[in-house]
Amino acid sequence: MPALIVWDFDGVLNANMRGGRTFWADDMKADLGIDPRVFSHEMFTAGDFRDIVRGRRDLLPHVSDWLARHGHDLSGEDFLAYWFEKDAHPDAEVLGWLKAHPARHVIGTNNEHRRCCYIEEQMGYGAHVERVFSSGRMGAAKPDPGFFAQIERWSGLAPSRILLVDDVAANIAAATARGWQGFHFTDATRRALPERLGL
């Protein structure tokens, strides 16, 4: 049994994925008049977002500048509030498995610090785990080795005593290469997780 379980957030604790993609922006055109395809292409494929996810740039001015450039009369704060609320889909069943397991628990997520705070506070996940490790705070994102190394140092545990539950195969591969245990969480494997945890 693992001594520490590192839970990915999006796609594991947060059921915000369908067919391998997030769906929070599906109603953006109707709700805000913003084309989600243009937003997603310009926001997430640019090199700037890589820096945002790793805490090198702040998401708020980046979004605010994008909205202003495209002529949208909406503040960055209001847009982020919309985004984070639309992207919040707590998976009660998975959270129940977390609560039922006697190991130590942390979240390990590729999120910048503003959404990480939302996850901890507004969504309440900070009360269920010892710590939320987010790429924006750590300066490293999965599958970077530095992401896993920071959790190892913090825990004081041998890698073999740490289990990563994640929906991205590359993250599982990077963790197991370091000696971690891994569970690749997908629609096909979901029902096997309680048995893997010994529940």
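Residues numbered from 1 in each chain as written. Predicted model: local features only at pLDDT ≥ 70, side-chain atom pairs only at ≥ 80, totals over all residues. Heavy atoms only, no water.

The protein chain is annotated in an unreviewed UniProt entry as HAD-IA family hydrolase from Ponticoccus alexandrii.

Caption draft 1: How the structure looks around the layout of surface pockets. Here the largest pocket defines a volume of roughly 650 Å³. The wall of the largest pocket is formed by 24 residues, among which D10, T22, F49, N110 and N111 lie closest to the centre. Every element with two or more residues in the lining of the largest pocket is listed here: α3 (47-53) and α5 (76-86). For the lining of the largest pocket, the element with the highest residue contribution is α3, accounting for three residues. Of the pockets and cavities examined, the second largest pocket occupies roughly 250 Å³. Along its surface, the second largest pocket is lined by 15 residues, and G11, M17, D167, F185 and D187 are the ones closest to its centre. Each residue belonging to the lining of the second largest pocket can be placed in one class, and the counts come to four nonpolar, six polar and five charged. (1 Å grid on protein atoms, 1.4 Å probe; cavity = no way out; pocket = protein on both sides within 12 Å on 5 of 7 lines; lining within 4 Å. Points joined across faces, edges and corners; volume = space filled by probe spheres on them. Helix = DSSP H or I, 4+ residues; strand = E, 2+ residues; numbered from the N terminus. Nonpolar A, V, L, I, M, F, W, Y, C, P; charged D, E, K, R; others polar.)

Caption draft 2: Quick look at the pairing of strand β4 (residues 104-109). Among the six residues in β4, five count as buried, and that is most of the element. Relative to β4, strand β1 (residues 4-7) is paired through four bridges, and the arrangement is parallel. Residue pairing in the sheet places L4 in a bridge with R104 of β4. Taken together, the four bridges between β4 and strand β5 (residues 131-134) define a ladder with parallel strand orientation. Among the inter-strand pairings, I107 is bridged to a residue of β5, identified as V132. The parallel pair β4 and β5 is bridged by helix α7 (residues 113-120), and the resulting crossover is right-handed. (Buried < 20%, exposed > 50% of the residue type's maximum accessible area, 1.4 Å probe, protein only. Pairing = 2+ DSSP bridges. Right-handed = clockwise from strand over helix to strand, strands pointing away.)

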